Amino acid sequence: MAPSTPLLAVRGSEGFYMVTGPPSFTENTTLQRDFGKTCKVFAFSKDGTLFAWCNGEKVNIVNVASTELLHSFDLPKAVCLEFSPKNNVLATWQAYTTAKDGTAGMPNLQLYDVKTGKCLKAFIQKKMQNWCPCWADDESISARIVNNEVHFFENNNFDTIANKLHLQKVNDFVLSPGPQPSKVSVYVPGSKGAPSFVRLYQYPNFSGPQSALANKSFFKADKVTMLWNNKATAVLVIASTEVDKTGASYYGEQTLHYIATNGESAVVQLPKNGPIYDVVWNPNSTEFCAVYGFMPAKATVFNLKCDPMFDFGTGPRNAAYYSFPGHILVLAGFGNLRGQMEVWDVKNYKLISKPLASDSTYFAWCPDGEHFVTATCAPRLRVGNGYKIWHYTGSVLHKCEVPPNAEIWQVSWQPFLDGTFPAKAITYQAVLSGLPSGELKVAKAYRPPALRNKPITSSKLHEEEPPQNMKPQPGNSDKPLSKVALKNQRKHEAKKAAKQEAKTDGSQESTPSPALQDVPHSTPPSMTSGDPEVDKKIKNLKKKLKSIEQLKDQAATGKQLEKNQLEKIQKEAALLKELEDLELGF
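Residues numbered from 1 in each chain as written. Predicted model: local features only at pLDDT ≥ 70, side-chain atom pairs only at ≥ 80, totals over all residues. Heavy atoms only, no water.

Student: Any chance you could explain the overall build of the protein chain here in plain terms?
Tutor: If you tally the helices and strands in the protein chain, you get four helices and 35 strands. Scored against the burial criterion, the 586 residues of the protein chain give a buried share of 42%. Sequence separation of 24 or more characterises 44% of the internal contacts of the protein chain that already satisfy a separation of 6 or more. (Helix = DSSP H or I, 4+ residues; strand = E, 2+ residues; numbered from the N terminus. Buried < 20%, exposed > 50% of the residue type's maximum accessible area, 1.4 Å probe, protein only. Contact = heavy atoms within 4.5 Å.)

What follows is the structure, given as structure tokens:
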């Protein structure tokens, strides 16, 4: 059976509603639009079959296909919702509040059984960070941080702690995706001169000094981001400091580390200095892409040995997004950048399109692997809110702009299980669309009237580096050289010509003419004055004049001469007169 069309859920000041994905792009009428402005949050289940939202009064769960209301919970202040991977549990969170007399408040993290609607457990979770428990993909285990421990529960039984991982000042953890056995990565920040570290464990082997699968310590880390690959064989760790002590960056300092479950670890060497904007795994788990460096930022794909596989050069970008099949990569510059995108064929490293999504604050691939959505949402931007649905070839297939006094707060695709949509062959021909193309149009720079008829000189702040397969090969000089390169080339050519001339003069002096080859060596090769002192003067004068000629050639190529060299050139006429007088004297 062919997979159904993904839905796009939209939440804003005009309520929330769903739009049918490509190719129709019509509002879904089976699930009626909620016109209330108090919709605070919504969430799809991992397989996209269930949908939950809070309308400011209740949290409702519906079946997406039948639109049947399954459960309704009296939680008007809920601001976070999340389903467990197998749709057995719905987690809700609301801000923690204490009583007026200072006594402990009510539990604010609730876990509900989706089938029965019963509250399985309620916890006190004061911080929004890491509010939701983490589940293994089969829900056999789940975990959450409590003080200095990670508590593990089995089979959604939250009344009994099945295991504990105790580490002093543990700050964060991430469970691995994929089948059992589950692995967990934990981060402990450094203190009192001790380094920070990340350790990998396999559940439930937490005791003993040799229980860790891998360990990586580093000093420069105030916070970390840990990214497992889909096969749970390795973790990428982005370690960040709040302040860059060298003063090179306002945003602190970042380093990228690779840790494998077999115990191997390495620091990923990034060729360009500067912040690390984004790091993403390819869904095939064999490579990852990093966007890094001071603007214009570089983007590079690395393999599991942390060796660079392909360099995309530099450009205005700060994010990378792989399609779900992993065959297309989008490099984009959102937020404070213009919204330029580069869509790449990952297998052949060939550029497919370069669309422009101005003022975008959000990007997400459609589960079909062919389309993606870009959106301008509040509160990041409160004007020009709306969204666009694109084909990866750069065509805008659907566009929605809300009225000037309205806002969009959240946009999200309906998820589907991996493998639902098979990867299709990549096409480079733009898909037909009735909407204007999103191709980047470069505006011409303003030129004052006095300069409009004169040659254009380069005024770029940065020389952008092209991708490695678009760089000019050695020997191919089709691209005009820069001023510095041209000057160096002239200097090199002048030096080569001077050396060739000196070699020619030397060979002429050392090689006798054909007419004199049979003459005995005692015969003088040239005329002399008979006075050794005069001959010596003539030889020195010729040497000085030759040196002056070389200086004049260098000056002609644009080389800046020293003061004493310029004075030497000015003496040329006097030296020529002196040489002429000496040669006329015999």
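Student: Just checking my understanding: could you explain the layout of surface pockets for this structure?
Tutor: Think of a ball as big as a water molecule: rolled over the atoms, this probe shows where empty space is left. As a volume, the largest pocket reaches approximately 2,000 Å³. Sorting the residues of the lining of the largest pocket by element identifies strand S3 (41-44), strand S7 (80-83), strand S11 (134-135), strand S15 (172-175), strand S19 (223-228), strand S23 (276-281), strand S31 (362-365) and strand S35 (408-413) as the ones contributing at least two each. With four residues, S35 is the single largest residue contributor to the lining of the largest pocket. Here the lining of the largest pocket is built from residues that sort into 30 nonpolar, 11 polar and six charged. (1 Å grid on protein atoms, 1.4 Å probe; cavity = no way out; pocket = protein on both sides within 12 Å on 5 of 7 lines; lining within 4 Å. Points joined across faces, edges and corners; volume = space filled by probe spheres on them. Nonpolar A, V, L, I, M, F, W, Y, C, P; charged D, E, K, R; others polar.)

Student: Looking at this structure, how should I read a positive patch on the surface?
Tutor: A contiguous patch of positive charge on the surface is contributed by Lys 491, Lys 495, Lys 499 and Lys 559. Inspection of the secondary structure puts Lys 499 in helix H1 (residues 483-510). (Patch = residues over 30% accessible without salt bridge, like charges linked within 9 Å, V, L, I, M, F, W, Y side chains within 5 Å. Areas by Shrake-Rupley, 256 points an atom, 1.4 Å probe, with all protein chains shown as cover. Salt bridge = Lys/Arg side-chain N within 4 Å of Asp/Glu carboxyl O. Lys, Arg positive; Asp, Glu negative; His and termini not counted. Charge placed at Lys NZ, Arg CZ, Asp CG, Glu CD.)

Student: Can you help me understand the pattern of salt bridges in this one?
Tutor: Opposite charge on two side chains allows them to pair when their charged atoms are near. Taken as a whole and assessed by the stated rule, the structure comprises 10 salt bridges. The salt bridge partner of Lys 399 is Glu 401, with a shortest N-O separation of 3.2 Å. Here Lys 399 falls in the partly exposed class, since its relative accessible area comes to 41%. What you see here is one network of salt bridges that share partners, running through Glu 549, Lys 552 and Glu 572.

Student: Just to check I follow, could you spell out the packing of helix H2 (residues 532-556) against helix H3 (residues 563-570) for this structure?
Tutor: Any two packed helices are characterised by the angle at which their axes cross and by the distance between the axes. In contact at an axis separation of 9 Å, H2 and H3 are set at 120° when each is read in the N-to-C sense. Considered as vectors, H2 and H3 are oriented oblique to each other. Read as a crossing pair, H2 and H3 show a hand that is left-handed. Packed against H2, whose contacting residues are Ser 547, Ile 548, Leu 551 and Lys 552, the element H3 presents Gln 565, Lys 568 and Ile 569 at the interface. (Axes fitted to C-alpha atoms, helices over the stretch in contact; angles between N-to-C directions. Parallel < 35°, antiparallel > 145°, perpendicular 65-115°, else oblique. Left-handed = near helix turned anticlockwise from the far one by under 90°.)

Student: Explanation requested: the nonpolar core in the structure shown.
Tutor: In a soluble, globular protein the nonpolar side chains are often hidden away together inside. Counting 18 residues, the largest nonpolar core has Leu 8, Val 373, Tyr 387 and Val 411 as its most contacted members. If you list the elements that add at least two residues to this core, you get strand S1 (7-12), strand S2 (15-20), strand S32 (371-376), strand S33 (386-391) and S35. No other element matches S35, which puts three residues into this core. Counting residues in hydrophobic clusters, the runner-up holds 17 residues, among them Ala 143, Val 170, Leu 175 and Tyr 203. (Core = buried A, V, L, I, M, F, W, Y, C linked by side-chain atoms within 4.5 Å.)

Student: It is not clear to me how the packing of H2 against helix H4 (residues 572-584) should be interpreted in this structure. Could you clarify?
Tutor: At a closest axis distance of 10 Å, the pairing of H2 and H4 adopts a crossing angle of 150°. What the angle tells us is that H2 and H4 run roughly antiparallel. Crossing handedness for the pair H2 and H4: left-handed. Contacts between H2 and H4 pair Val 534, Lys 537, Ile 538, Leu 541, Lys 542, Lys 544, Leu 545, Ile 548, Glu 549 and Lys 552 from the former with Glu 572, Leu 575, Leu 576, Glu 578, Leu 579, Leu 582 and Glu 583 from the latter. For the contact of H2 with H4, a count of residues per class yields nine nonpolar, no polar and eight charged.

Student: Sorry if this is basic, but what is going on with the confidence of the model for the protein chain here?
Tutor: For any part of a model where pLDDT is low, the fine detail of the predicted coordinates should not be relied upon. For the protein chain, the average pLDDT comes to 82, and 87% of its residues sit at 70 or higher. Across residues 509-525 the pLDDT falls below 50, and counting only partners more than four positions away or on other chains, this stretch makes one contact in the model. (pLDDT = per-residue confidence, 0-100.)

Student: Could you clarify how one ought to interpret the environment of Asp 138 in this entry?
Tutor: In this fold, Asp 138 is placed in the loop between S11 and strand S12 (141-146). By relative accessible area, which is 38% here, Asp 138 ends up partly exposed. Between the alpha carbons of Asp 138 and Pro 85 there is a distance of 7.1 Å; along the sequence they are 53 residues apart. If near-sequence neighbours (up to four positions away) are discounted, Asp 138 is found in contact with Lys 86 and Gln 180. For Asp 138, the side chain forms a polar contact with the side chain of Ser 140, separated by 2.8 Å. Separated by 3.2 Å, the side chains of Asp 138 and Gln 180 make a polar contact. (Polar contact = N/O pair within 3.5 Å; in protein donor to acceptor, adjacent residues only side chain to side chain.)

Student: Which parts of the structure should I look at to understand H2?
Tutor: An α-helical segment advances 3.6 residues per turn. Residues three or four places apart therefore align on the same side. Here H2 spans 37 Å end to end across 25 residues, near enough to the 36 Å set by a 1.5 Å rise per residue. Looking at H2, one finds that the buried residues are Ile 538, Leu 541, Leu 545, Ile 548 and Leu 551. For H2, the elements touching its buried residues are H3 and H4. (Expected span 1.5 Å × (residues − 1).)

Student: Sorry, what's going on with unusual backbone geometry here?
Tutor: Generally, phi is negative for residues other than glycine and the peptide bonds are trans, each holding for most cases. A cis geometry characterises the amide bond from Pro 22 onward to Pro 23, with omega recorded as 10°. Residue placement: Pro 23 occurs in the loop between S2 and S3. Backbone torsion omega between Gln 180 and Pro 181 reads 0°, so that peptide bond is classified as cis. If you trace the backbone, Pro 181 turns up in the loop between S15 and strand S16 (183-188).

Student: Help me out: how do you make sense of the state of the cysteines in this one?
Tutor: Defined simply, a disulfide is a covalent bond joining two cysteines at their sulfur atoms. Under the criterion given, the structure shown has zero disulfides. Cys 134 supplies the cysteine sulfur nearest to Cys 132, a cysteine that is in no disulfide, at a spacing of 6.9 Å. (Disulfide = S-S within 2.5 Å.)

Student: Sorry, what's going on with the environment of Lys 354 here?
Tutor: Mapped onto the elements, Lys 354 comes out in the loop between strand S30 (350-353) and S31. Placed 24 residues apart in sequence, Lys 354 and Val 330 show a C-alpha to C-alpha distance of 9.5 Å.

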